[in-house]
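A structural walkthrough
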Amino acid sequence: MEINETLAQWSEILMVVAGFAYTFAFIAFTWDLAVNSRATVQAEENTVQDRELVGAGARTRTASSARMAGVEQGTGARGAGYKASAMAKINEHVADADMRYDGPRRPAARIGVALMAVAAIIHAGGVFSRGFAAHRVPWGNMYEFLTTGAFLVAIIFLLVLVFRDIRFVGTIVSGLATLMMTVASVVYPTPVGHLVPALQSYWLVIHVSIAVLASAIFTITFSMAVLQLIQDRRERMILEEGKTGWAFMRLVPSAQTLENFAFRLNAVAFVMWTFTLAAGAIWAEVAWGRYWGWDTKEVWTFIIWVVYAAYLHARATRGWTGTRSAWLSIVGYLCVIFNFSVVNVFFSGLHSYSGL
Amino acid sequence: MSSEKQSAPALGFVGMLRWAWTQLTKMNTAMFLLLMVAIAAVPGSIYPQRIQDTAKVTDYINAHPTWGPIADKLQLFDVFSSVWFSAIYLLLFISLIGCVLPRATKHFKAMKAAPARTPKTLSRLPQYRSITLSASTQKLPMSQAIEDAAEILKKRGYRVEIRDEGKSSSVGAERGYLREVGNILFHTAMIGVLIGVAIGSLFGYSGQKIMVEGDTFVNSLISYDMFSPGTNYNQDWLKPYSATLEKMDVTYDRQKSSPTYGKDIDYAAQVKVDPQNGEAPYTQELKVNKPIRVNGASLYLIGNGYAPIIKVEDGEGNIAYEGPVVSLFAGDPNYTSSVILKVPDSEPDQLAFVGMFLPTGVEQEGAPPYSADPAPANPMLVLQSYTGDLGLDNGVPQNVYVVDTEKMTPLNTMAMGNGIILDTQNTQAKLPDGKGTITFEGLKRYVGMDIHYDPGKPIVLISAILAFLGLIISLYVPRRRVWVRAHEDADGLKIEYALLARGEDPRLMDEADKLTELFARRWDLEFVEQ
């Protein structure tokens, strides 16, 4: 099958435009953090927050208050949470745990989300046209892993936004998307080409797509873990010194809430990573004759799997919740980045498909 | 520390073991061992590993005369079979067994036991709701309310037990026993993976074979170019079969402006397989990503190249060699390959040819010819020849792809200006001093095959699938306890219910909402949003 060069050129243009759109989204989200954190302080001071659960009287029940109270009580981590009184104090200075869309309007954040959506649409054009130009899935080299990966980061972020107000990670997520697109275009520019025979397999579709998807989720949970560490520090300052600094963190839920939410996402990503590992082993058996051979890429895929397995266990281990588990999530993500950049490019191995 | 001398109670041997066991099966220890496995694997990606490339390890040790041997002693070139790596993962697996066994027995009991007793104060639980049915509007007996609740819970997959508490009545319910089953399944399946890996390395084998078009490989030890059996493999277990390479086709990218122009983008070998087990022979396509499976073994296409057919007539006019010569190439995209041909049978002196095979040979002024394309558009042999003693008679086995020309006399060399260049037009060259002739008769392709047999593979695959299932179940089947209590007071019938999650359960509140809705529908209640 011949490569469609016109389409390939269009793809490259769309990718660059999408990269710029992410940059603008990044600016909007940062502006939102800077401006609206002050606005929320004021708004919160003006509103009397009624979080008391009204006991469900005969035949009546307040849906929203019951919900809120449930969140407060229901998902506390074992042993690591603050006492109720401390929690109430913290809750005055952080975003709601339910991460629903309420509170004052945030025009800058709205612009950020809109730009993110526009970027994702343009980006979709870039990714799909590249796939059609080459008559194959667009994840066969470093440039394509990055562009498709950034696309999935944006899509997952937008999808979660439908259900939860996680605009507070918008800055980091759009920043990382911009970074990924820039690195793809500047460091790993690769013209549309055919795949080497070893990659010509339906396993490329299965194994790599799930790997990229899992990495995209890890990107988002990494952002949450970083925020969790900052928020945790801030919560301590609030409780111990009574300081309520770092106003931009007011838009971010409590460290506990971030941990709970990131855990759920990480659990999904871990299942996907397990699948990546198993599917990779099956493919390796078909292509190279052995399902596992401790190739550099296999070693690092294994290390990542073990680190996130430890992360999942941390939740059930006394002394490992909270900050420590956030660090595990960060270390895991650093391993993902290492596995992708350093291992693909500098280590020789059977996975040297970087297209360089 | 206290200054007083404290005598620890004597533990004794059994006590020590018990203490070690308790320490090892602690969750904290498991966490530590998990992280240790991750860290211990890192050197395996930094240092060259013998399981992948022995030559690279030797190069590394030669390049680092001081550190190399130390690293070798530390088993840094055999990380994944090293004492320390094995120690960590074995401890991890023991810890895992120590964790899974008691949990399994405990869960087995829990699955047969009744739901946990109803707590005294339900309102303390994470999810708590209450409904009061006013006596004036509704006549619902207490026992009926509890029976209704039990029925609703049962329909939602809970195991229920109704309890008469005297003045009040309650139902205890629990669901999601499968969650723990999934958890145990996952960890047990990990042990299965380990067993499968062990069986593979004990009773499997792997080998390599280069086959030129027309060659037949018969599965017996002498047919292999390289054979590495598993620790406990008995070569008598080799099952007979044969495979003949009928044809090898390579497809090239011929789209002029494509960035992969001229590269080989597809390999397809036609192999005739005779399983020799009563079934008729058949021809199958062997490709990268498409192995041939026969009699439990698998044949993989891992390499390819050219084998020019060369005829050598010696000084006495006899055919001293005739046949394909496998030429190896070292990653050159245009397949510039090295040719080494030893002719021990030539008389009066032995001959050796050393040089290059170029699939698309291009001659140039003042420089040796080069290959311009990987396809055989102008196949060309560029050779130097030597005469003398090949040194084969002293009994030391030699590598076919290496020749020592030090002690031989050069006949044709590039330096002397009489190097041999053969192509499809000039197919023959005469050696000086009447030493004979060399003829380039034609061209064949060859394939490099890996042959693997791994009896542990199905065990690993099944274990991996079970582990994956177990993982999903253990993460996504929620384990919940629900208690409903009803009692009558002055206002009417008060129905309280509370939910408790065991393990991660972000949807506990939704379950509480759902129960509220079901209760309301059953008792015909209306809810008013406040």
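Residues numbered from 1 in each chain as written. Chains lettered and ligands numbered in written order. Predicted model: local features only at pLDDT ≥ 70, side-chain atom pairs only at ≥ 80, totals over all residues. Heavy atoms only, no water.

**Observations concerning the overall build of chain A**
Basically, it comes down to this: Note on conventions: DSSP H or I runs of at least 4 residues are helices, E runs of at least 2 residues are strands, and numbering of each starts at the N terminus. Residue exposure (1.4 Å probe, protein chains only): buried if accessible area is under 20% of the type maximum, exposed if over 50%, otherwise partly exposed. Whether two residues touch is decided by their heavy atoms; if any such pair falls within 4.5 Å, the residues are in contact. Surface exposure here means Shrake-Rupley accessible area, sampled with a 1.4 Å probe, where a residue is shielded only by the protein chains that are shown.
The helix and strand tally for chain A stands at 10 helices and zero strands. Reading chain A from its N end, one meets helices and strands in the order α-α-α-α-α-α-α-α-α-α. Buried residues in chain A amount to 58% of all 356 residues. Restricting the contact set of chain A to residue pairs at least 6 apart, pairs at least 24 apart contribute 84%. Accessible area for chain A stands at about 14,900 Å²; split by element, carbon and sulfur atoms hold 67% of it.

**Some thoughts on the interface of chain B and chain A**
Where interface size is given, it is often the accessible area lost as the parts come together that is meant. As a reminder of what qualifies: The term buried area refers to how much accessible surface (probe radius 1.4 Å) is lost by two components on association, counted for both of them together. When a carboxyl oxygen of Asp or Glu lies within 4 Å of a side-chain nitrogen of Lys or Arg, that pair is called a salt bridge.
Facing 71 residues of chain B, the contacting portion of chain A comprises 67 residues. The junction of chain B with chain A conceals about 5,800 Å² of combined surface from both sides, 62% of it contributed by carbon and sulfur atoms. Connecting chain B to chain A are three salt bridges. The partner of B:Lys457 in a salt bridge is A:Glu285, with the nearest N and O atoms 2.7 Å apart.

**A short note on helix H2 (residues 27–41) of chain B**
Going by this rule: Multiplying 1.5 Å by the residue count of a helix minus one yields the expected span of that helix.
Here H2(B) spans 21 Å end to end across 15 residues, near enough to the 21 Å set by a 1.5 Å rise per residue. Regarding H2(B), the residues found buried are B:Thr29, B:Ala30, B:Met31, B:Leu33, B:Leu34, B:Leu35, B:Val37, B:Ala38, B:Ala40 and B:Ala41. Buried positions along H2(B) lie against helix H9 (296–314) and helix H10 (323–346) of chain A together with helix H1 (12–24), helix H3 (43–46) and helix H6 (83–112) of chain B.

**With respect to the sheet that holds strand E2 (residues 159–165) of chain B**
Residues and elements named next belong to chain B. Rules: Only strands joined by at least two bridges in the DSSP assignment are considered to pair. In this analysis an axis means a line fitted to C-alpha atoms, helices contributing only their contacting stretch, and an angle means the value between N-to-C directions, from 0 to 180 degrees.
Strand order in this open sheet of five strands is E1-E24-E23-E3-E2, and the pairing throughout is antiparallel. Strands at the two margins of the open sheet, each flanked by one partner only, are strand E1 (127–134) and E2. Within this sheet the neighbouring strands show an average axis-to-axis angle of 15 degrees, counted without direction. Here E2 runs beside strand E3 (residues 168–175); their pairing, made up of seven bridges, is antiparallel. Its bridge partner being in E3, Ile162 is matched across the sheet by Val171. The sheet contacts of helix H10 (residues 508–522) involve E1, strand E23 (479–489) and strand E24 (492–502), and relative to E24 the element is tilted by about 155 degrees.

**Some details on the pattern of salt bridges**
One pass over the full model with this rule turns up 35 salt bridges over all chains. Residues B:Lys209 and B:Asp225 are paired through a salt bridge, measuring 4.0 Å at the closest nitrogen-oxygen approach. Of the two residues, B:Lys209 sits in strand E4 (residues 205–212) while B:Asp225 sits in the loop between strand E5 (216–218) and strand E6 (226–229), which places them 16 residues apart along the sequence. Of the residues examined, B:Lys209 reaches a relative accessible area of 17% and is grouped as buried. Of the charged contacts in the structure, one is a salt bridge between B:Glu517 and B:Arg521, with a shortest N-O distance of 2.8 Å. With B:Glu517 and B:Arg521 both in helix H10, this residue pair falls four residues apart, about one helical turn. The exposure class assigned to B:Arg521 is exposed, which follows from its relative accessible area of 57%. Residues joined by salt bridges that share partners form a network here, namely A:Asp32, A:Arg106, A:Asp165 and A:Arg167.

**As for the confidence of the model for chain A**
The line we're drawing: Note on scores: pLDDT gives the predictor's confidence for each residue, bounded by 0 and 100.
Mean pLDDT over chain A works out to 82, with 84% of the residues at or above the 70 mark. The model gives residues 47–80 of chain A a pLDDT under 50, and that stretch makes 59 contacts with residues more than four places away or in other chains.

**As for the environment of B:Thr360**
Residue and element names in this part refer to chain B. The test is simple: Any pair of nitrogen or oxygen atoms within 3.5 Å is treated as a polar contact; in protein, a donor-acceptor pairing is required on top of that, and neighbouring residues in sequence qualify only through side-chain atoms on both sides.
Looking at the element boundaries, Thr360 is found in the loop between strand E15 (350–358) and strand E16 (361–364). Sequence separation between Thr360 and Ala149 is 211 residues, and the spatial gap between their C-alpha atoms is 84 Å. Excluding residues within four positions of it along the chain, Thr360 makes contact with Tyr370, Ser371, Ala372, Asp373, Ala375, Pro376, Ala377 and Asn378. A polar atom in the side chain of Thr360 sits 3.5 Å from the backbone nitrogen of Ala377.

**Describing the sheet that holds strand E9 (residues 282–286) of chain B**
Residue and element names in this part refer to chain B. Strand order in the open sheet made by the four strands is E5-E7-E8-E9, with antiparallel pairing throughout. For this open sheet the edge positions go to E5 and E9, each flanked by a neighbour on one side alone. Looking at each pair of strands side by side, their axes are set apart by 30 degrees on average, direction ignored. Note: E5 against strand E7 (residues 242–252), three bridges, orientation antiparallel. Paired with Thr216 across the two strands is Thr244, which belongs to E7.

**Topic: the nonpolar core**
Residues and elements named next belong to chain A. Convention followed: Here the nonpolar core consists of buried residues drawn from Ala, Val, Leu, Ile, Met, Phe, Trp, Tyr and Cys, with membership extended through side-chain atoms lying within 4.5 Å.
Counting 122 residues, the largest nonpolar core has Tyr22, Met116, Phe157, Ile166 and Phe168 as its most contacted members. The biggest single contributor to this core is helix H8 (residues 255–288), with 18 residues. Those residues in contact with Ile166 that sit more than four places away from it in its chain are Met99, Phe157, Val160, Leu161, Met224 and Phe261.

**Observations concerning the packing of aromatic side chains**
Working definition: an aromatic ring pair is given by the centre-to-centre distance plus the angle between the planes. Worth spelling out the cut-off: Stacked, edge-to-face and tilted labels apply to pairs of Phe, Tyr and Trp rings (six-membered ring for Trp) whose centres lie within 6.5 Å, assigned for plane angles under 30 degrees, over 60, and everything in between, in that order. Geometrically, a charge over a ring is one whose NZ (Lys) or CZ (Arg) sits within 6 Å of the ring centre while staying within 35 degrees of the ring normal.
Here the structure, examined in full by the defined rule, presents 37 aromatic pairs over all chains. Arranged with centres 5.6 Å apart and planes meeting at 20 degrees, the rings of A:Phe270 and A:Trp305 form a pair that is stacked. Taken as a pair, A:Phe270 in helix H8 and A:Trp305 in helix H9 lie far apart in primary sequence, 35 residues in all. Pair check on accessibility: A:Phe270 and A:Trp305 agree, each one buried. On the basis of an interplanar angle of 20 degrees and a centroid distance of 5.2 Å, the ring pair of B:Phe519 and B:Trp523 is categorised as stacked. Using a relative accessible area of 0% as the deciding quantity, one classes B:Phe519 as buried. Taking relative accessible area as the criterion, B:Trp523 reaches 3% and is therefore assigned buried. A cation over an aromatic ring shows up here: A:Arg315 above the ring of A:Phe263, its NZ or CZ 4.5 Å from the ring centre.

**Remarks on unusual backbone geometry**
The peptide bond linking B:Glu347 to B:Pro348 adopts the cis configuration, its omega dihedral lying at 0 degrees. Within the secondary structure, B:Pro348 sits in the loop between strand E14 (337–343) and E15. Although it is not a glycine, A:His135 sits at a positive phi angle of roughly 55 degrees. A:His135 sits in the partly exposed class, given a relative accessible area of 39%.

**Section: the side chain of B:Thr413**
Of note, B:Thr413 is situated in the loop between strand E19 (409–412) and strand E20 (420–422). Aside from chain neighbours lying at most four places away, what touches B:Thr413 is B:Gln384, B:Tyr386, B:Asn418 and B:Gly419.

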